[in-house]
Amino acid sequence: MEVKLSVCRNCGSLCPVKLTIEDNRVIKVEGDDDAPIYNGFICPKAKLLPAQHAPEGRLLHTLKRLADGRFVKISSATAVEEIAERLSGVIEKHGPKSVAAYLGGGLMEQPLVVPFLNSFMNAIGSGLVFSAGTVDQPGLMLANALHGQWQGGRVHPSAWEAFLVVGGNPVISKQHLPQNPGQQLKNITRNGAQLVVIDPRHSETARRAAVHLQLIPGEDPTVLAGLIHLIFEMDGVDRAFVAANAEGAEALREATRDFTPDYVADRAGLKVEDLVAAARILVQARSGDTALGVGPSMATRGTLTSYLALCIQTLRGFWAREGDLVGRPRVLIQPKTFKAQPSRPRPAWGFAPAMGPRGLQPTSAGLPAAAIPELMMSDGEDRIRAFFLHASPTTSWPEREKTVAAFGRLDLLVVHDVQMTPTAGLADYVIATKRQLEVPVTTQSSEATGRIHPGYDWTEPYGAYRPAVLEPPAGSDLLESWQTYYRVAQKMGLNLAIAERGQPVDISMDREPTSDEILELACQGSVVPLSKVKEFPHGHVFEEARARVQPRDPACEDRLQIADPAMMKLLREVRGEDVLGRRKTSADFPFLMIARRVQVSTNSGVRPDGIAKTSYNPCFMHPDDMARLGLAAGDTLEVRSRHGAIIAVAEADQYLRPGVIGMAHGYGPRFGQSYDPRRDGANVNDLTNWEDDNDPYHGMPRMSALPVSVRPAASAAASIAAE
Ligand SMILES: Nc1nc2c(c(=O)[nH]1)N[C@H]1C(S)=C(S)[C@@H](COP(=O)(O)OP(=O)(O)OC[C@H]3O[C@@H](n4cnc5c(=O)[nH]c(N)nc54)[C@H](O)[C@@H]3O)O[C@H]1N2
Ligand SMILES: Nc1nc2c(c(=O)[nH]1)N[C@H]1C(S)=C(S)[C@@H](COP(=O)(O)OP(=O)(O)OC[C@H]3O[C@@H](n4cnc5c(=O)[nH]c(N)nc54)[C@H](O)[C@@H]3O)O[C@H]1N2
Ligand code: SF4
Ligand SMILES: [Mo]
């Protein structure tokens, strides 16, 4: 028996853990009390590590699907050979652009796949690498481009006086408070910061707020425009900051003029005094930050919501100024000088040819994932015919039926996974991969993610490295995800390169590198050398990497844009529209269903079995709504949208706004299979549709604020049968 230190990768928090290991099996998981920042914190999902690594229930060999649909075990070497051959065939016949890939949750455990997949896709001449970045909050990146970026970065939390959270629940999701979120929030509020939360649920985070705006789902642009209106009215604009760094203040004032407190409160279902109290907190704070979650992003118009949040930051001057602590100091990535000056806006779209029948464009958030199914369904020249996958889209993408149909048209589907998921069941090859504790880990991946999404990374100069601590199970034949691309490239005679000090450097195709060697390469030129980070088994805060924001270049003439024409136009549409017509609730669909996460699972990959009383995703409802419908906790019910229906299990949640129901995504069985909502849970994406109030820029449809009906399942069953 031995105790080893490692890092949990069941979400992006990367909590340090102390593992008791016997005969290559984890028998105990504890938080690492000696690790800085985290203070021993782990969440219940860390307790899944033993079962996740046990040989039972996981994929130990690569599988190949035969013509009759059965899967047979094959060696990874044979799989590599066959994939290289079939891929070459597809490319020969249809060209390299018929090959695409998608990176989702699978890269949490295996971030090294990113440079290899990119390099591989470039080497074959495709370049079509899509990611979950255009599924979850693409609006953040579009808004950043339209608004421009503050080169000093975000304010360090120790200086916050206000923190505005819009449709996120960091206490549970850890997004935006990634390490020990409860304690981070305590520290922030103890320092005097006031928390404002905008959420239809009185969430675990909202319960700690000074003001909670429990709005009607989907009304975030209205509420943020109302807060901007009040900031102007209360003379709360940081005039010096705006004069020196931004343009468009007058136009923004004009565009939000009609978003009066009365109008906003009435439309969004709020009290005027709460709205005013929220605005007062923002106006009185000398510095602060905003955080956007997936809720408003999925409730349509995520780009506008993200943009308005950035406008609030700029109006209030909530950016790190000269001499301030850098909010996200760099450790295992390349150094950067943070300067107290803006970078002008960049194009958010319109710089690359449109793809697919709806003409969705690549944006500053990347290639549009929303175009994938239609590119597979199309008979055009740009049809996708071979697909490499690191996720479970038939669970996590909208409209499962269409997603499944699209995958059905592929000539080659290669899925990487650790378990036989509903999506893996459709694959030609399921590459069985190693699990997290069988591969080394660094903090570089979360730091890199933090550069594009402010919800990740550390606000202290923290770095950690841990080697692999377990051997793969005896008799297994597992790859690391990056190895597939390396070995297929080898077979196809391609050369791969990965970035070293920001420059692509060829890697040897004769001798396969180890993961540790690749990490060394990827960390070349980092602020703190990887060799130094390795000296600290508990992780370490590298004081020498703490940085301060530098003065502005005298020559800098860039400005942030707070009245982007497309966003102002959309805002006027919001103000002018028929509110109920847009919301789409009706007598038939009186409830709004929201996206939400739960502590005991992560998306479709990390299941609650063994750490929670139930293994399914309940349908949370306000107790008054349940009483009205004659539902008791534990009853089965039918949720129906205009696009489909699911059977779920009722659970009371007094914290929901009445009229709103919530369910976590990531659950449910294989398509076409009957399911037990008490065992498998239900797939909420049977209620969504690829073409439903799509964001005009990134194309993702409505996945929150979805109009639905709810009724007891007994009466529903009869009507489903009759259809
Ligand atoms: N209705 C609705 N749908 C949603 C959301 C929502 O809120 N509501 N949220 C969306 C969001 S924000 C996201 S990010 C997506 C996430 O959805 P996906 O992008 O599909 O990601 P995961 O569900 O995390 O899928 C991870 C898959 O990777 C596998 N995996 C785990 N470890 C490894 C490994 O080491 N190697 C490999 N190869 N595979 C591994 C897991 O077993 C699992 O099958 O879902 C989206 N879908
Ligand atoms: N435990 C756990 N942690 C996770 C994940 C997980 O599945 N489980 N997934 C990870 C991933 S992929 C992501 S992207 C992050 C997401 O991190 P968060 O964005 O924090 O995700 P959620 O916890 O779903 O919080 C979304 C919140 O939005 C609210 N909401 C829903 N609709 C609306 C709306 O129209 N307007 C407003 N204002 N609010 C709304 C919901 O009530 C909910 O509280 O979490 C990551 N962390
Ligand atoms: S799943 Fe829990 S323990 Fe694991 S990294 Fe995330 S927050 Fe930490
Ligand atoms: Mo996500």
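Residues numbered from 1 in each chain as written. Chains lettered and ligands numbered in written order. Predicted model: local features only at pLDDT ≥ 70, side-chain atom pairs only at ≥ 80, totals over all residues. Heavy atoms only, no water.

Undergrad: Whenever I open this one, the overall build of the chain confuses me. Can you help?
TA: For the chain, the helix and strand inventory stands at 24 helices and 30 strands. Against the 2.2 N^0.38 benchmark of 27 Å for 723 residues, the chain shows a C-alpha radius of gyration of 25 Å, consistent with a compact globule. For the chain, the C-alpha atoms occupy an extent of roughly 70 × 70 × 55 Å along the three principal directions. Counting all 723 residues of the chain, 60% fall into the buried class. A fraction of 76% describes how many contacts in the chain between residues 6 or more apart in sequence connect residues 24 or more apart. Positive and negative side-chain charges of the chain, numbering 77 and 83 respectively, have mean locations separated by a distance of 1 Å. (Helix = DSSP H or I, 4+ residues; strand = E, 2+ residues; numbered from the N terminus. Rg over C-alpha atoms; globule rule 2.2 N^0.38 Å. Buried < 20%, exposed > 50% of the residue type's maximum accessible area, 1.4 Å probe, protein only. Contact = heavy atoms within 4.5 Å. Lys, Arg positive; Asp, Glu negative; His and termini not counted. Charge placed at Lys NZ, Arg CZ, Asp CG, Glu CD.)

Undergrad: Teacher, can you tell me more about helix α19 (residues 515–522) here?
TA: It helps to recall that an α-helix has 3.6 residues per turn; residues three or four apart then point in one direction. Buried within α19 we find Ser515, Ile518 and Leu519. Looking straight down α19, one finds its buried side chains confined to an arc of 100 degrees; they lie on one side. Summarising the contacts, the buried residues of α19 are in contact with α3 (113–123), β18 (441–442), β20 (465–466), α18 (481–492), β21 (497–500) and α20 (530–533). (Arc of directions from axis to C-beta.)

Undergrad: Quick question: what am I supposed to make of the site of ligand 1 here?
TA: Close to ligand 1 lie 30 residues, the nearest being Asp136, Ser396, Asp417, Gln419 and Ser604. Take Glu109: an N or O atom from its side chain is 2.8 Å from a nitrogen atom of ligand 1. Contact distances for ligand 1 include 2.8 Å between an oxygen atom and a side-chain N or O atom of Gln419. The protein chains hide 95% of the 900 Å² of surface that ligand 1 would expose on its own. (Near = heavy atom within 4 Å. Polar contact = N/O pair within 3.5 Å; in protein donor to acceptor, adjacent residues only side chain to side chain. Areas by Shrake-Rupley, 256 points an atom, 1.4 Å probe, with all protein chains shown as cover.)

Undergrad: For this particular structure, what's the right way to read the site of ligand 2?
TA: Among the 33 residues in the neighbourhood of ligand 2, the closest are listed as Ser173, Asp199, Asp220, Val294 and Ser601. In this structure, Val294 approaches ligand 2 through a main-chain N or O atom, which is 2.8 Å from an oxygen atom. For ligand 2, a nitrogen atom lies 2.8 Å from a polar atom in the side chain of Ser704. Isolated, ligand 2 exposes 920 Å² of accessible area, and the fraction of that covered by the protein chains is 96%. Broken down by secondary-structure element, the contributors of at least two residues to the shell around ligand 2 are α5 (170–173), α12 (294–298) and β25 (591–595). Element by element, the count of residues in the shell around ligand 2 is highest for α12, at 3 residues. Looking at side-chain class alone, the shell around ligand 2 contains 12 nonpolar, 14 polar and 7 charged residues. (Nonpolar A, V, L, I, M, F, W, Y, C, P; charged D, E, K, R; others polar.)

Undergrad: What am I meant to see in the packing of α3 against α18 here?
TA: Two numbers describe a pair of packed helices, the interaxial angle and the distance between the axes. At a minimum axis separation of 8 Å, α3 and α18 run at an interaxial angle of 25 degrees. Between α3 and α18, the interaxial angle falls into the category roughly parallel. In this structure, the crossing between α3 and α18 has a hand that is left-handed. For the pair α3 and α18, contact is made by Val113, Phe116, Leu117 and Phe120 and by Ser481, Trp482, Tyr485, Tyr486, Val488, Ala489 and Met492, respectively. Split by residue class, the contact of α3 with α18 holds 10 nonpolar, 1 polar and no charged. (Axes fitted to C-alpha atoms, helices over the stretch in contact; angles between N-to-C directions. Parallel < 35°, antiparallel > 145°, perpendicular 65-115°, else oblique. Left-handed = near helix turned anticlockwise from the far one by under 90°.)

Undergrad: Explanation requested: the pairing of strand β27 (residues 636–641) in the structure shown.
TA: On a regular strand, one side chain projects to one face of the sheet and the next to the other, so that they alternate. Where burial is concerned, most of β27 is hidden: 5 out of the 6 residues are buried. Bridge count between β27 and strand β28 (residues 645–652): 5 bridges; the pairing is antiparallel. Bridge pairing links Arg640 to Ala645 in β28. Where β27 folds back on β28, the antiparallel hairpin that results is connected by 3 residues. (Pairing = 2+ DSSP bridges.)

Undergrad: Help me understand the sheet that holds strand β16 (residues 412–417), please; the structure alone is not making it clear to me.
TA: Where strands meet in a sheet, backbone hydrogen bonds hold them as pairs that are either parallel or antiparallel. Across the sheet, 7 strands lie side by side as β5-β4-β17-β16-β15-β6-β7; this open sheet has mixed pairing. The two strands at the open ends of the sheet, each matched to only one other strand, are β5 (71–74) and β7 (129–131). Across the sheet, the mean angle from the axis of one strand to that of its neighbour is 20 degrees, orientation sign disregarded. With 4 bridges joining them, β16 and strand β17 (residues 429–432) adopt parallel strand pairing. Across the sheet, the residue bridging to Val414 is Tyr429, located in β17.

Undergrad: Explain helix α16 (residues 400–408) here, please?
TA: Among all positions in α16, only Arg400, Lys402, Thr403, Val404, Ala406 and Phe407 are buried. Residues of α16 that are buried sit in contact with α14 (372–377), β15 (386–390), α15 (393–396) and β16.

Undergrad: Is there a simple way to think about the side chain of Ser76 in this case?
TA: The residue Ser76 is located in helix α2 (residues 76–94) in this model. Classification of Ser76 by relative accessible area gives buried; the value is 8%. In this view, Ser76 contacts Thr62, Asp477 and Leu479; residues no more than four positions away in its chain are not counted.

Undergrad: In this structure, what is going on with the side chain of Ser306? I would like to understand it.
TA: By the secondary structure assignment, Ser306 is in helix α13 (residues 302–316). Looking at Ser306, the relative accessible area reads 6%, which means it is buried. Beyond its immediate sequence surroundings of up to four residues, Ser306 is in contact with Gly139, Leu140, Ala143 and Leu292.

Undergrad: How should the pattern of salt bridges be read in this particular structure?
TA: Think of it this way: side chains of opposite charge can pair up when their charged atoms draw near. Under the criterion given, the structure shown has 45 salt bridges. The partner of Asp558 in a salt bridge is Arg344, with the nearest N and O atoms 2.6 Å apart. With a gap of 214 residues between them, Asp558 in the loop between β23 (540–541) and β24 (560–561) and Arg344 in the loop between β14 (342–343) and α14 connect regions that are remote in the sequence. We classify Arg344 as exposed; its relative accessible area is 51%. For Asp692, the salt bridge identified is with Lys584, shortest N-O distance 3.8 Å. Pair noted here: Asp692 is in the loop between β29 (660–663) and β30 (706–712) and Lys584 is in the loop between α22 (579–583) and β25, with a separation of 108 residues, a long-range link. (Salt bridge = Lys/Arg side-chain N within 4 Å of Asp/Glu carboxyl O.)

Undergrad: Any chance you could explain unusual backbone geometry here in plain terms?
TA: Across residues other than glycine, the phi torsion is negative in most instances, and most of the peptide bonds are trans. Its identity as a non-glycine residue notwithstanding, Asn24 has a phi of 65 degrees, on the positive side. With respect to the helices and strands, Asn24 occurs in the loop between β2 (16–22) and β3 (25–31). If you check the backbone angles, Asn180 has positive phi at about 50 degrees while not being a glycine. By secondary structure assignment, the location of Asn180 is in the loop between α5 and α6 (181–190).

Undergrad: Just to check I follow, could you spell out the packing of aromatic side chains for this structure?
TA: For any two aromatic rings, the description comes down to two numbers: the centre-to-centre distance and the angle of the planes. All chains considered together, the criterion is met by 16 aromatic pairs. Measuring from ring centre to ring centre gives 5.7 Å for Tyr38 and Tyr462, while their planes differ by 65 degrees; the resulting arrangement is edge-to-face. Note that Tyr38 is positioned in the loop between β3 and α1 (49–53) and Tyr462 in strand β19 (residues 462–463), a separation of 424 residues in sequence. For Tyr38, a relative accessible area of 1% gives the class buried. It is Arg575 that lies over the ring of Tyr263; its NZ or CZ is 3.6 Å from the centre. Stacked on the ring of Tyr667, the Lys or Arg Arg607 has its end atom at 4.2 Å from the ring centre. (Phe/Tyr/Trp six-rings, centres within 6.5 Å; stacked < 30°, edge-to-face > 60°. Lys NZ or Arg CZ within 6 Å of the ring centre and 35° of its normal.)

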